[in-house]
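# Residue-level structural notes
Residues per chain, in single letters:
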Amino acid sequence: MRLGRIGARYAAWIAGLSLALVATALLAAGFIGFRQSRVVQAEIHAAVDEARTADEEAALRGTARYLGTHFFNALYQLDVQRLNEEIEQVRIWLPITSFLVVDAQRSILTDGTPANGRYGEVFAGELPGEGRESLLLARRGEQTEIRFNISSGGVQAGWGVVTLAAAPWQASLRRLEERTASSWRGHRASLLSLGAIAFVVTLGLGLLTAVLLSRSLARPLTEMSRAAAEIAAGHLDHPITVDRTDEVGDLARAFDRMAADLRAHEEALRAERADLAAKNAELERFNYTVSHDLKSPLVTVRGFAELAGTDLDAGHVDRVRQDLRRVVSAADRMHRLLDDLLELSRVGRVVQAPEDVALAELAREAVDLVRGPLEAGRVRVEIADDLPVVRADRRRLLEVYQNLIQNAAKFACGDREPRVEVGVRRDGPERVFFVRDNGRGIEPRFLERVFDLFEKLDPRVEGTGVGLALVRRIVEAHGGRAWAESEGPGHGATFCFTLPQG
Amino acid sequence: MRVVALAARLAPRTLGTLAALAFGVPGTVGPAAASRPPAAVHLGVVAEEPNEPDKMLRIFAELLARLREQLQPRAVRVGGLVIARDLDDLSQRILRGDVDFVIETVFPTLALQERTHCVEPSLVIFRRGQREYRSVFFTRQESPIRELADLRGKTLVLQVLRSTSAFALPKAELERAGLTLVPADDLRSRPGDVRYVLAQAEVNQAIWVLHGKGDAGAFNDGNWAALPEKVRARLRVFHQTAPIVRGLLSFRSGLDATVRRAVEEALLRLPDDEAGRVALFQAAGLTGFERLTAEDRAGLRRWAPVLRPSQAR
């Protein structure tokens, strides 16, 4: 699993902290253990020292008294063999490093060894005597030397000079120290082992923490960071999949909401831009169309005005009259064009309050308004009974039906009885209102073009070419759509529109 | 070697019972048993310390163990060590058939022969490499004693009455020189007699001479060499005897010949391996055995009247 930088940093911190804690705990435990072992050792030393000072001298005196008595007979009889055997026996139960038997003349009789290397030497040191201490005790390092009388019944046969190696208590202390040192070494080895284990565990813990942090904290943040970059790059549909209930989850959800809002704004902007572009295009077309279509009557006015002048110069009054009628007709046409343009512009600007409108009734009212052309063309209009009631600007919606029915009447086909059907159909969730005729029909490539301003597929047909553009403008002003359907020339045409429900 | 006087004072019967109880000594067997092959062969020794049997047991334990190991394939069982309090006790045990072979120096061996008439020396023993030894007479460096004759009226420090080199041989040498050896506390002694005291151990003999408890001493040349350097340096040898074999291994006459041969061969083979050599050396410094030659037997015959073994204790 790849670790995020935040996860790795947190993991390093936690691992370091854990390691420091564990190391501190181990060091503290080791220090306390070491201190405690030292304290115990010192206490044992003190206790043994105390016991020793109380008992050792008494024990040594007892030993000296025993040896002094036990060795008397052998020394008195000069039984060196016996003395040597006795010394050998004593060596078994006392830690003797040196044993000298000195005769009454202070001459060393034996040292207890077969070589008897100090035989005959005069012992120069102080020896215990009559009326003095019967025991001399001296300590040299760990060794203790005792000098005692070998006497019986007031007869001094000689002396014993014995050097004892570390006394049993000293040996015990040394063993204790060795044991303590060994224990401490073991303790230290254990601590080192524990430290190694703790290091490994901490490392594992750090990695685990890194993984968990990466999963729980760093990864969502990283993902949000990536998402922000994607959003900044314009990819607003980049989702953040963080399924958590904590602050990070809240942040991710807020981020998602922000992205959704941005997306909505972006889409709204895009729609507005598209709308604006469409309006610009329409405006361009409008400008072009207006300039072109308004220019045409003006050209007519100018031409016939010049003709009228020429005819007037020529004295052809009738022709002048005829020219002027044509000038007037062109002016009327121009007047109508301007009226229609004015109406078209009003659709976008003037909005009446919506009201409940019964469409069937409205359709019948529209039929009444265009009854003249309908009767002239013997067009039969059928209005469906199931037309609903909608909320809309009644006056504008009347204009929609009026234009559509009038348009259907214009393109009636001569070889069949003209018929216009006003109804509604269900197309998925939408209600589609339609005005269908069985007239000439429209080539599919012109289905959209018919809604353009001043667009007339057949120039011979009366009208300004504003009607269908007006229909689309009114429907869209209500939030709906308007379009045309036809299977081609000769198959009639159906003009549809939708209105928002509710 | 020494014998503690206390042991001598104890009643023989009491000691015999004690020894039988303590050392696993076989029960009393009548003289007739001497002609029967024993269930197991037993080595007999005289205790140096009658009240300390462990010393002798320690000395001979390994030797007996090795013998058991060697003789087991030949169906000869080696029994426990028989520790006698003195030569008289040992003689009785030999006569009862409790003891089948002994290791002793010449003087005690001759004494056992004389008392039991059923002890037959078979092997010469080597001790610390010595096949034979001699007794040396020594005195202090500054002593005026130069020869045996100078010992008249003097005190000679000897070891024990049973010792060959430290009693019997010096005594015989003195008698041959026309001197009489008498105990120092003998009220019947004459001024020209050589008085003797017993120091129980060789090293004591030397020390006693040096400390004036005697004027001279006598023990074997091996003991002389083993003295501590500082002690030997203060002494001087002024006479020595003719050599005599170091010691003898003798069998009880009634012992089955096959068994005797098996024991002899096992003993002769002991020095062949390291374990055997160690076991031998633990037994008071033995280093080997050799069959007794005719010359050895002739020598023993010569020594017998001289050493007067009947006086041995």
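Report on the accompanying structure.

What chain A contains, in helices and strands, is 10 helices and 12 strands. The buried share of chain A, reckoned over its 502 residues, is 26%. For chain A, restricting intrachain contacts to residue pairs at least 6 apart in sequence, the fraction spanning at least 24 positions comes to 65%.

Our focus in this paragraph is the sheet that holds strand β8 (residues 181–183) of chain B. Residues and elements named next belong to chain B. Taken in spatial order, the six strands line up as β8-β9-β7-β10-β6-β11 in an open sheet, and their pairing is mixed. The sheet is open, and its two edges are formed by β8 and β11 (235–240), each paired on a single side. Adjacent strand axes in the sheet meet at a mean angle of 35 degrees, parallel and antiparallel pairs treated alike. Inspection of the sheet shows strand β6 (residues 135–140) paired to strand β10 (residues 216–220) by five bridges, in the antiparallel sense. Pairing of T139 across the sheet is with A216, part of β10. On top of the sheet, helix α7 (residues 202–210) reaches β6, β7 (155–158), β10 and β11; it is set at about 160 degrees to β10, its chief contact.

Turning next to the packing of helix α4 (residues 87–96) of chain B against helix α5 (residues 106–116) of chain B. When two helices pack together, their arrangement is given by the angle between their axes and by how far apart the axes lie. Residues and elements named next belong to chain B. Across the interface, α4 lies against α5 with an axial gap of 10 Å and an inter-helix angle of 50 degrees. Classed by the angle they form, the pair α4 and α5 counts as oblique. The two elements α4 and α5 meet at a crossing, and its hand is right-handed. Facing α4, whose interface residues are L87, L90, S91, I94 and L95, α5 presents P108, A111, L112, R115 and T116. The residue inventory of the contact of α4 with α5, partitioned by class, reads seven nonpolar, two polar and one charged.

Attention now goes to α4 of chain B. Side chains three or four residues apart in an α-helix point the same way, a direct result of the helix having 3.6 residues per turn. Residue and element names in this part refer to chain B. Across the 10 residues that make up α4, a large majority, seven, are buried. Those residues of α4 that sit buried are L87, D89, L90, S91, R93, I94 and L95. The first or second residue beyond α4 is G97, which carries a positive phi of 85 degrees.

At the interface, 13 residues of chain B touch nine residues of chain A. Where the side of chain B that touches chain A is concerned, the elements lending two or more residues are α7 and α9 (229–232) of chain B. Here the side of chain B that touches chain A gets four residues from one element, more than from any other, and that element is α7 of chain B. Split by residue class, the side of chain B that touches chain A holds six nonpolar, three polar and four charged.

Now for the packing of helix α9 (residues 394–410) of chain A against helix α10 (residues 467–477) of chain A. Residues and elements named next belong to chain A. Running from amino to carboxyl end, α9 crosses α10 at an angle of 145 degrees, the nearest separation of the two axes being 9 Å. Along this stretch, α9 crosses α10, giving a crossing that reads as left-handed. Judged by residue contacts, R396, E399, V400, N403, L404, Q406 and N407 of α9 engage G467, L468, L470, V471, I474 and V475 from α10. In terms of residue class, the contact of α9 with α10 is made up of seven nonpolar, four polar and two charged.

Rules and cut-offs
Residues numbered from 1 in each chain as written. Chains lettered and ligands numbered in written order. Predicted model: local features only at pLDDT ≥ 70, side-chain atom pairs only at ≥ 80, totals over all residues. Helix = DSSP H or I, 4+ residues; strand = E, 2+ residues; numbered from the N terminus. Buried ≥ 20, exposed ≤ 12 C-beta atoms within 10 Å, placed from the backbone. Contact = placed C-beta atoms within 7 Å. Pairing = 2+ DSSP bridges. Axes fitted to C-alpha atoms, helices over the stretch in contact; angles between N-to-C directions. Parallel < 35°, antiparallel > 145°, perpendicular 65-115°, else oblique. Left-handed = near helix turned anticlockwise from the far one by under 90°. Nonpolar A, V, L, I, M, F, W, Y, C, P; charged D, E, K, R; others polar.

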